[in-house]
Amino acid sequence: MTELCYVYAVTRPFDGALPEGLAGVAGTPPRLLAHDGLLAVLGDVPADDFSEEPLRARLEDLDWLTSTARAHEAVIGALAAVTSPLPLRLATVCNDDGGVRRLLDSGRERFTRCLERLDGRVEWGVKAYARETPETPRDDATTSTGPKGPTGPTGPTGAPSGRDYLRQRLRQRNARSSILAEADTGSRLLHQELSRRAEDVRVHRLQDARLPGVPRGNVLNAAYLLPREQSEAFVEEVRRLGARSPGIRVELTGPWAPYSFADVTDPAREGSEGR
């Protein structure tokens, strides 16, 4: 079966080894390829899935994409425990080892600059959510079910009151606006404080609550870059600031390899050029 080279990351040569039994994309273990002072971390993957046309179709398969992303992240996470990797984009693929060497040559200046900047650094992710996000008005008045089905809010005579219903909607709308405004203010203050403690910051697009498993009311989605040895102090600061912000719920993740700060120019395209 024809195989291609799936490239996870670029690093400097490092002491130590990746964990035994580590499985990467397509279930194959990652391997290292040294070239002129740089090290590519790669794995062999089947061309039937990762050549240009099949890969385009695979990327539309959510289950396959999720499984591949998890395997990719597992390799990057293992790397981050032993060195400071420069993660490449998901599905960066070269034809063979020669293509990987050409990838390293073509991106050498950018890779070297990025590795110098990220050496000894980790990424922490911080998300903030409004503590309460009422979506639709709820009727405080009693509803009843009769032959014609449920009835809405009722007035003193038992007849439905459109005025009471509209007032209820207005109260709910105002409550939601107030909650989101408080959360927005709290998240801005949180971000300002954390940014002062980070070497670099990336603010990502807010999460879409329409997607499965995504909580409602996301008001901050940011990544913070800092030296690994400052992680403990940063975590404590996030906890302290979160406790002081009653309008938001803060979620902290990490430490991660610095995905958000690996801003080499389109490594996926470089990978295709290195084929």
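No experiment lies behind these values; they were computed from the predicted model shown.

Looking at the overall build of the chain
Moving on, step 1. Summing up its helical and strand segments, the chain has eight helices and eleven strands in all.
Moving on, step 2. Counting every atom, the chain has about 15,600 Å² of accessible surface; 49% of that belongs to carbon and sulfur.

Comments concerning the nonpolar core
Moving on, step 1. One finds Tyr-6, Tyr-8, Val-25, Phe-50 and Leu-79 to be the most contacted residues of the largest nonpolar core, which totals 24 residues.
Moving on, step 2. Counting residues per element, this core draws most heavily on helix H3 (residues 62-80), which supplies seven residues.
Moving on, step 3. Of all hydrophobic cores here, the second largest spans 21 residues; its members include Val-7, Val-10, Leu-42 and Leu-104.

Here we look at the confidence of the model for the chain
Detailed reading of the predicted model is not advised wherever pLDDT is low.
Moving on, step 1. Residues with a pLDDT of 70 or more make up 76% of the chain, whose mean pLDDT is 82.
Moving on, step 2. Considering only residues more than four positions removed or in separate chains, one finds that residues 133-155, a stretch of pLDDT under 50, has 37 contacts.
Moving on, step 3. Below a pLDDT of 50 lies the segment residues 266-273, which in the model reaches 17 contacts outside its immediate sequence neighbourhood of four places, other chains included.

Observations concerning the pattern of salt bridges
Moving on, step 1. For the structure shown, the criterion picks out 17 salt bridges.
Moving on, step 2. Two residues, Arg-56 and Glu-53, come together in a salt bridge whose shortest N-O distance is 2.9 Å. Taken together, the residues Arg-56 and Glu-53, both in helix H2 (residues 52-58) and three residues apart, mark about one turn of the helix.
Moving on, step 3. Relative accessible area serves as the criterion here: at 56%, Glu-53 is assigned to the exposed category.
Moving on, step 4. A cluster of three or more residues bridged by salt bridges with shared partners is formed by Glu-193, Arg-196, Arg-197, Glu-237 and Arg-240.

What to know about the sheet that holds strand S6 (residues 121-130)
Moving on, step 1. Pairing is antiparallel in the open sheet, where four strands are placed in the order S9-S10-S6-S11. Two strands lie at the open edges of the sheet, namely strand S9 (200-203) and strand S11 (248-256), each paired on one side alone. Taken over all neighbouring pairs, the strand axes of this sheet differ in orientation by 20° on average, direction set aside.
Moving on, step 2. As paired strands, S6 and S11 are joined by seven bridges and run antiparallel to one another. In the strand pairing of S11, Gly-125 is matched with Thr-253.
Moving on, step 3. Strands in contact with helix H7 (residues 231-243) are S6, strand S10 (218-227) and S11; relative to S6, the strand with the most contacts, it is inclined by about 10°.

Description of the packing of aromatic side chains
Moving on, step 1. Per the stated rule, a full pass over the model turns up four aromatic pairs.
Moving on, step 2. On the basis of an interplanar angle of 55° and a centroid distance of 4.9 Å, the ring pair of Tyr-6 and Tyr-8 is categorised as tilted.
Moving on, step 3. According to the relative accessible area criterion, Tyr-6 is buried, its value standing at 0%.
Moving on, step 4. Accessibility expressed as a relative area gives 0% for Tyr-8, which makes it buried.
Moving on, step 5. Plain terms: the ring middles of Phe-50 and Trp-64 are 5.5 Å apart, the flat faces sit at 50° to each other, and that makes the pair tilted.

Considerations on unusual backbone geometry
Moving on, step 1. Put simply, Gly-254 and Pro-255 share a cis peptide bond, and its omega is 0°.
Moving on, step 2. Residue Ala-91 is not a glycine yet carries a positive backbone phi of 65°.
Moving on, step 3. Turning to its location among the elements, Ala-91 is positioned in the loop between strand S4 (86-87) and strand S5 (93-94).
Moving on, step 4. Judged by its relative accessible area of 15%, Ala-91 is buried.

So, the environment of Glu-229
Moving on, step 1. Residue placement: Glu-229 occurs in the loop between S10 and H7.
Moving on, step 2. When its relative accessible area of 67% is taken as the criterion, Glu-229 is described as exposed.
Moving on, step 3. Separated by 108 residues in the primary sequence, Glu-229 and Arg-121 have C-alpha atoms spaced 8.6 Å apart.

Looking at the state of the cysteines
Moving on, step 1. Scanning the entire structure with this criterion turns up zero disulfides.
Moving on, step 2. Lacking any disulfide linkage, Cys-5 is separated from the closest cysteine sulfur, that of Cys-94, by 6.8 Å.
Moving on, step 3. Judged by its relative accessible area of 3%, Cys-5 is buried.
Moving on, step 4. In this structure Cys-94 comes out as buried when scored by relative accessible area, which is 0%.

Basis of the calculations
Residues numbered from 1 in each chain as written. Predicted model: local features only at pLDDT ≥ 70, side-chain atom pairs only at ≥ 80, totals over all residues. Heavy atoms only, no water. Helix = DSSP H or I, 4+ residues; strand = E, 2+ residues; numbered from the N terminus. Areas by Shrake-Rupley, 256 points an atom, 1.4 Å probe, with all protein chains shown as cover. Core = buried A, V, L, I, M, F, W, Y, C linked by side-chain atoms within 4.5 Å. Buried < 20%, exposed > 50% of the residue type's maximum accessible area, 1.4 Å probe, protein only. pLDDT = per-residue confidence, 0-100. Contact = heavy atoms within 4.5 Å. Salt bridge = Lys/Arg side-chain N within 4 Å of Asp/Glu carboxyl O. Pairing = 2+ DSSP bridges. Axes fitted to C-alpha atoms, helices over the stretch in contact; angles between N-to-C directions. Phe/Tyr/Trp six-rings, centres within 6.5 Å; stacked < 30°, edge-to-face > 60°. Disulfide = S-S within 2.5 Å.

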